[in-house]
Amino acid sequence: MVHALDEIRRTLKPNGVLIDLRPVEENWPVEIVSSMGWQAAGRLTDLPIAVADDEAAFNAMREAESKGWYFKEKEKEFAFFYYWDTPSEMKEFMDEEWEGFEKLEESVFSAVKSAWTLANADARVRVRVKMLITRWRKT
Amino acid sequence: MTQKDPEGFERKALHKFADFANQRVLEIGCGEGRLTWKYAAASNLTVGFDPDHDALRVARADSPYTMQKNVHFAEASASHIPFVNETFDIAILAWSL
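Summary of the structure given here. (Residues numbered from 1 in each chain as written. Chains lettered and ligands numbered in written order. Predicted model: local features only at pLDDT ≥ 70, side-chain atom pairs only at ≥ 80, totals over all residues. Heavy atoms only, no water.)

A few points about the overall build of chain A
Then, in step 1: Counting secondary structure elements, chain A contains four helices and seven strands.
Then, in step 2: Walking chain A from its N terminus toward its C terminus, one meets helices and strands in the order α-β-β-β-β-α-β-α-β-α-β.
Then, in step 3: Its C-alpha atoms give chain A a radius of gyration of 19 Å, clearly above 14 Å, the size a compact globule of 139 residues would have.
Then, in step 4: Principal-axis analysis of the C-alpha atoms places the extent of chain A at approximately 55 × 30 × 20 Å.
Then, in step 5: Counting every position in chain A, which comprises 139 residues, the buried fraction comes to 47%.
Then, in step 6: When contacts within chain A are restricted to residue pairs at least 6 apart in sequence, long-range pairs at least 24 apart make up 81% of them.
Then, in step 7: Summed over its atoms, the accessible surface of chain A is roughly 6,700 Å², and 51% of this surface lies on carbon and sulfur atoms.
Then, in step 8: Between the mean site of the 20 positive side-chain charges and the mean site of the 26 negative ones, chain A shows a separation of 9 Å. (Helix = DSSP H or I, 4+ residues; strand = E, 2+ residues; numbered from the N terminus. Rg over C-alpha atoms; globule rule 2.2 N^0.38 Å. Buried < 20%, exposed > 50% of the residue type's maximum accessible area, 1.4 Å probe, protein only. Contact = heavy atoms within 4.5 Å. Areas by Shrake-Rupley, 256 points an atom, 1.4 Å probe, with all protein chains shown as cover. Lys, Arg positive; Asp, Glu negative; His and termini not counted. Charge placed at Lys NZ, Arg CZ, Asp CG, Glu CD.)

Dropping the structure here:
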């Protein structure tokens, strides 16, 4: 990772900008959303490999900064939502795409199904992913 | 069906953090180009890298006609970027660090 940051720096013009845009693990909330509003239904469980990936990314940027390759100009958190029409579609996606990174506990899945069933007819399921965007300036 | 960021929060954040107008942009981890299409139209040149051959095929197939001259995709990773020094104004690590 650190080598890659050095390689990116090499190809950036003087005073160039590096944008680091990525999700950050935080047991992302699962929510039921409809025309009536939204409600929390539980949280996913971060698995160790995802937490380790996050830590490695933060460490790599810290090292690049300490080497004087970049300095941080600006940083912000924001939400990125994944939506599904039904809890089953959500589970299917997670089993295929997030296996090994995020776990949908059976108890949470049951809570989501119950909340979705009781909600408005237009209710959908969403996961609120915590995103981090940082602007680094090449030194 | 999975819907990702229909509110466009990611696009808004990206454009608040960088002005892509007439810039030369390198995107590392472009995948199928989901993020690429949110800024590339404004750029002078965009090069998207990803080690996933299949994802790049999708990105090329989805390439809007109006962007085919200034957007290019290549199978590569950030450990070796096949460009000379000081080529790009902006580099984006797209969910890839």
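A few points about a positive patch on the surface
Then, in step 1: Among the surface-exposed residues, Lys74 and Lys76 of chain A together with Arg11, Lys12 and Lys16 of chain B lie close enough to one another that they form a single positively charged patch.
Then, in step 2: Of all the secondary-structure elements, those providing two or more residues to the positive patch are strand E5 (70-84) of chain A together with helix H1 (9-17) of chain B.
Then, in step 3: A total of three residues in the positive patch trace back to one element, the largest contributor, which is H1 of chain B.
Then, in step 4: Structurally, lysine 74 of chain A can be placed in strand E5. (Patch = residues over 30% accessible without salt bridge, like charges linked within 9 Å, V, L, I, M, F, W, Y side chains within 5 Å. Salt bridge = Lys/Arg side-chain N within 4 Å of Asp/Glu carboxyl O.)

A few points about the layout of surface pockets
Then, in step 1: Empty space within the largest pocket amounts to approximately 1,400 Å³.
Then, in step 2: Along the walls of the largest pocket sit 43 residues, with Pro23 of chain A together with Gly29, Ala94, Trp95 and Ser96 of chain B positioned nearest its centre.
Then, in step 3: Elements supplying a minimum of two residues to the lining of the largest pocket: strand E1 (12-23), helix H2 (48-66) and helix H3 (87-97) of chain A together with strand E2 (24-28), strand E3 (45-50), helix H2 (53-61) and strand E5 (88-94) of chain B.
Then, in step 4: The greatest single-element share of the lining of the largest pocket, amounting to four residues, is contributed by H2 of chain A.
Then, in step 5: Classifying every residue of the lining of the largest pocket gives 24 nonpolar, five polar and 14 charged. (1 Å grid on protein atoms, 1.4 Å probe; cavity = no way out; pocket = protein on both sides within 12 Å on 5 of 7 lines; lining within 4 Å. Points joined across faces, edges and corners; volume = space filled by probe spheres on them. Nonpolar A, V, L, I, M, F, W, Y, C, P; charged D, E, K, R; others polar.)

None of the figures reported here should be taken as evidence of function without further support.
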